[in-house]
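Summary of structural features
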Amino acid sequence: MKTNPDQKNSLKHVLFGSLIGTTIEFFDFYIYANAAVLVFPQLFFPSADSTMATLESLATFSIAFLSRPLGSAFFGHYGDKIGRKFTLVAALLTMGISTVAIGFLPSYASIGVAAPLLLMLCRFGQGVGLGGEWGGAVLLAIENAPPNKRAWYGMFPQLGAPIGLLLSGGTFLLLTDSMSNEDFMNYGWRIPFIASSLLVVVGFYIRTKITETPSFENSKKEQEEVKVPFITLVKSYKNQLIFGTFAAITTFLVFYLMTVFTLSWATSDLGIVKRDGLLIQLFSVLFFALFIPVSAVVADKIGRRKMLILATAAIAIFGFFFSYFLSTGNIALVTTFACIGMALMGFTYGPLGTFLSELFPTNVRYSGASLTFNMAGILGAAFAPMIAIWLASTYSVSYVGLYLTAAALISLFSFFVISKEEHKF
């Protein structure tokens, strides 16, 4: 049975299809983040120095950010050439297979140095998959949206991040509560990686039911296709690529400081037990989820750029208060710190996908939005947890806050100098 090219996706399929994919992708991505702090230092990077083991583990965490632009370039090329639907399915499978494979990896004690090498390979695959997933999911939403609700539609795939984080953190919390530490370290940590295969099956089914976006179909009809989208981007949209990347780095940095760094610092240096650290993180994620739709509503009223400028300015100020909240093991202060940081993350993350997508025309939009987002991931997040731990250990936590403030100032400058041309949908 042939698909009618004029058929439109229903609102339910558009929003759920974009949300379910990013939820699965971010769940897979974040269970690695939790394991990189709680499990992998002991199983894959044995060392007499616990700080060094953690840093080695977090180094593998950064690999996915380095591979995400490769996923963006590869999947973006085909997403702009042959369509969003096929590319979204392929990206989901790439991420899913890489994640499930981690659950079956032997430890360093079993196969020696091959264990961390295989872990790095799987993490590379996760990055490639997520690099292709995010841009396609955002375009699925906003290319089906009415002009006055693009930020609202575009925030649905963004909600996949807090939902995925809640599911991953909740899973680890449930496992650590229901089994001994020995059982958890022996096999319990593997369960969420292997169980993610069930979510991938659901996502695959939903994605195959979705038709192409109207914007992509119209672009094909008007023969606007370009031969190599990446070359067109470099030649004609350098301003958008460069300053779009720098505009997004603060979003990545604040998130990974509030999750990976805060969890690691709280449990290793502030004396907060792992269970309490996970509970604090899960509670703060609720603020992240809450303020994503709030920011989208505001962004549709005052503009995406203005909303992001206000949020980034607030993050720059927030950076000066790190030492106040994280200098002691006071759980109330740490919780308040996490909640404020995650609320700011929601404000900046909600409209970001729509803003980056509006910088590029339809025929290079998948590649352009994906590359700017994931290049920002390298600069803002790939080494952020390691840099933050080094700054806090060598100097003090206040330097971590200054690190965030400096990044926010760079993003603010980029918002002001980036091209203000909006392209048709």
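Residues numbered from 1 in each chain as written. Predicted model: local features only at pLDDT ≥ 70, side-chain atom pairs only at ≥ 80, totals over all residues. Heavy atoms only, no water.

1. Comments concerning the overall build of the protein chain
- Secondary structure assignment for the protein chain yields 21 helices and zero strands.
- In terms of overall size, the protein chain behaves like a compact globule, its C-alpha atoms giving a radius of gyration of 21 Å where 425 residues would be expected to give roughly 22 Å.
- Viewed in the frame of its principal axes, the protein chain has a C-alpha envelope of about 65 × 45 × 35 Å.
- Counting across all 425 residues of the protein chain, residues that qualify as buried make up 60%.
- Considering only contacts within the protein chain whose residues lie at least 6 apart along the sequence, 86% involve residues at least 24 apart.
- Working note: accessible area of the protein chain is about 16300 Å², and carbon and sulfur atoms make up 68% of it.
- Charge-centre separation for the protein chain: the mean point of 27 positive side chains lies 9 Å from the mean point of 22 negative side chains. (Helix = DSSP H or I, 4+ residues; strand = E, 2+ residues; numbered from the N terminus. Rg over C-alpha atoms; globule rule 2.2 N^0.38 Å. Buried < 20%, exposed > 50% of the residue type's maximum accessible area, 1.4 Å probe, protein only. Contact = heavy atoms within 4.5 Å. Areas by Shrake-Rupley, 256 points an atom, 1.4 Å probe, with all protein chains shown as cover. Lys, Arg positive; Asp, Glu negative; His and termini not counted. Charge placed at Lys NZ, Arg CZ, Asp CG, Glu CD.)

2. Focus: helix α8 (residues 160-178)
- Its 19 residues give α8 an end-to-end C-alpha distance of 26 Å, which sits within 8% of 27 Å, the value for a rise of 1.5 Å per residue.
- Of all the positions in α8, only Gly160, Ala161, Pro162, Gly164, Leu165, Ser168, Gly169, Phe172, Leu173 and Leu175 are classed as buried. (Expected span 1.5 Å × (residues − 1).)

3. What to know about the environment of Ile111
- Within the element layout of this structure, Ile111 appears in helix α5 (residues 108-111).
- Once residues lying within four places of it in the same chain are set aside, the contact partners of Ile111 are Pro106 and Leu118.

4. Considering helix α14 (residues 274-302)
- Given a rise of 1.5 Å per residue, 29 residues ought to cover 42 Å, and the 41 Å separating the end C-alpha atoms of α14 matches this to within 8%.
- Along α14, the residues that are buried comprise Gly277, Leu278, Ile280, Gln281, Leu282, Ser284, Val285, Phe288, Ile292, Ser295, Ala296 and Ala299.

5. Quick look at the pattern of salt bridges
- Enumeration according to the criterion identifies five salt bridges in this entry.
- The shortest N-O distance in the salt bridge between Arg150 and Glu358 comes to 3.5 Å. Residue Arg150 is located in helix α7 (residues 150-158), and its partner Glu358 is located in the loop between α18 (352-357) and α19 (362-382); the two are separated by 208 residues in the primary sequence.
- The class for Arg150 is buried, based on a relative accessible area of 12%. (Salt bridge = Lys/Arg side-chain N within 4 Å of Asp/Glu carboxyl O.)

6. Things to note about the environment of Gly96
- With respect to the helices and strands, the residue Gly96 is situated in helix α4 (residues 84-102).
- Gly96 has contacts with Asp28 and Val200, leaving out every residue within four places of it along the chain.

7. Structural notes on the packing of aromatic side chains
- Going through the model one piece at a time under the given rule, you end up with 28 aromatic pairs.
- One aromatic cluster is present, built from ring pairs that chain together Tyr32, Phe40, Phe44, Trp189 and Phe193.
- Above the plane of the ring of Tyr32 lies Arg123, whose end atom (NZ or CZ) is 4.2 Å from the centre. (Phe/Tyr/Trp six-rings, centres within 6.5 Å; stacked < 30°, edge-to-face > 60°. Lys NZ or Arg CZ within 6 Å of the ring centre and 35° of its normal.)

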